[in-house]
Amino acid sequence: ILPGISISYILLIFSSYTSVIMAIKSFDILYLFKTFCFVPLGIFLSISILSKLLFKHSKSTNFMILGFLISSLFTFLIKHLEFSTYNKSNSKPS
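What you are looking at is a predicted structure, and each value in this text was computed from that prediction instead of being measured. (Residues numbered from 1 in each chain as written. Predicted model: local features only at pLDDT ≥ 70, side-chain atom pairs only at ≥ 80, totals over all residues. Heavy atoms only, no water.)

S.K.: Would you explain the overall build of the protein in this entry?
M.R.: Each helix and strand counted, the protein has five helices and zero strands in total. Mapped from its N terminus to its C terminus, the protein presents α and β elements in the order α-α-α-α-α. Among the 94 residues that make up the protein, the fraction classed as buried is 11%. Long-range pairs, those at least 24 residues apart, make up 47% of the contacts in the protein with a sequence separation of at least 6. (Helix = DSSP H or I, 4+ residues; strand = E, 2+ residues; numbered from the N terminus. Buried < 20%, exposed > 50% of the residue type's maximum accessible area, 1.4 Å probe, protein only. Contact = heavy atoms within 4.5 Å.)

Below is the structure:
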């Protein structure tokens, strides 16, 4: 829907990412079906809401989208730094 905001990021926001990954690993078709039946509905609603906001409040909506992009960049950088720090602290000298 927006650059920098993926389905995985949305699942992380709603604390559903781990549940979906576990359902994929265990082939829980019913859980996945219920989860992903509403994805097209969510996309449609998000697009319609963003379209209306862009039409009525263009400048504010653009700043909101820019804020989403910047926050996702910071989130990515923080996770990357945590991961690289974790790997460095757990590496054993050869």
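S.K.: Can you walk me through a nonpolar patch on the surface in this structure?
M.R.: Together, F63, L66, L69, I70, L73, F74, F76, L77 and I78 give the surface a local cluster of nonpolar side chains, amounting to about 860 Å² of exposed area. Position of F63 among the secondary structure elements: in helix α5 (residues 58-90). A residue is classified by how much of its surface remains accessible, and F63, at 52% relative accessible area, is exposed. (Patch = residues over 30% accessible without salt bridge, like charges linked within 9 Å, V, L, I, M, F, W, Y side chains within 5 Å. Areas by Shrake-Rupley, 256 points an atom, 1.4 Å probe, with all protein chains shown as cover. Salt bridge = Lys/Arg side-chain N within 4 Å of Asp/Glu carboxyl O.)

S.K.: Honestly, unusual backbone geometry in this entry has me stumped. Any pointers?
M.R.: Excluding glycine, residues mostly have negative phi values, and the peptide bonds linking residues are mostly trans. Of note in this structure, F27 is not a glycine but carries a positive phi near 55 degrees. Within the secondary structure, F27 sits in the loop between α2 (17-25) and α3 (29-37). Looking at F27, the relative accessible area reads 67%, which means it is exposed.

S.K.: Is there a simple way to explain the confidence of the model for the protein in this structure?
M.R.: Interpretation of this model should avoid reading the predicted coordinates in detail wherever pLDDT is low. Confidence along the protein averages 78 in pLDDT terms, with 79% of residues attaining 70 or more. The element-level mean pLDDT for the protein is lowest in helix α1 (residues 7-13), coming to 73, with α2 highest at 88. (pLDDT = per-residue confidence, 0-100.)

S.K.: Looking at this structure, how should I read the packing of α2 against α3?
M.R.: Relative orientation and spacing of two packed helices are given, respectively, by the angle between their axes and the distance between those axes. Remark: α2 packs on α3, axes separated minimally by 9 Å, with the N-to-C direction vectors making an angle of 135 degrees. Judged by the angle between their axes, α2 and α3 are oblique. Here α2 runs over α3; the crossing is left-handed. For the pair α2 and α3, the contacting residues are S19, V20, A23 and I24 in the first and Y31, L32, T35 and F36 in the second. Here the residues of the contact of α2 with α3 sort into six nonpolar, two polar and no charged. (Axes fitted to C-alpha atoms, helices over the stretch in contact; angles between N-to-C directions. Parallel < 35°, antiparallel > 145°, perpendicular 65-115°, else oblique. Left-handed = near helix turned anticlockwise from the far one by under 90°. Nonpolar A, V, L, I, M, F, W, Y, C, P; charged D, E, K, R; others polar.)

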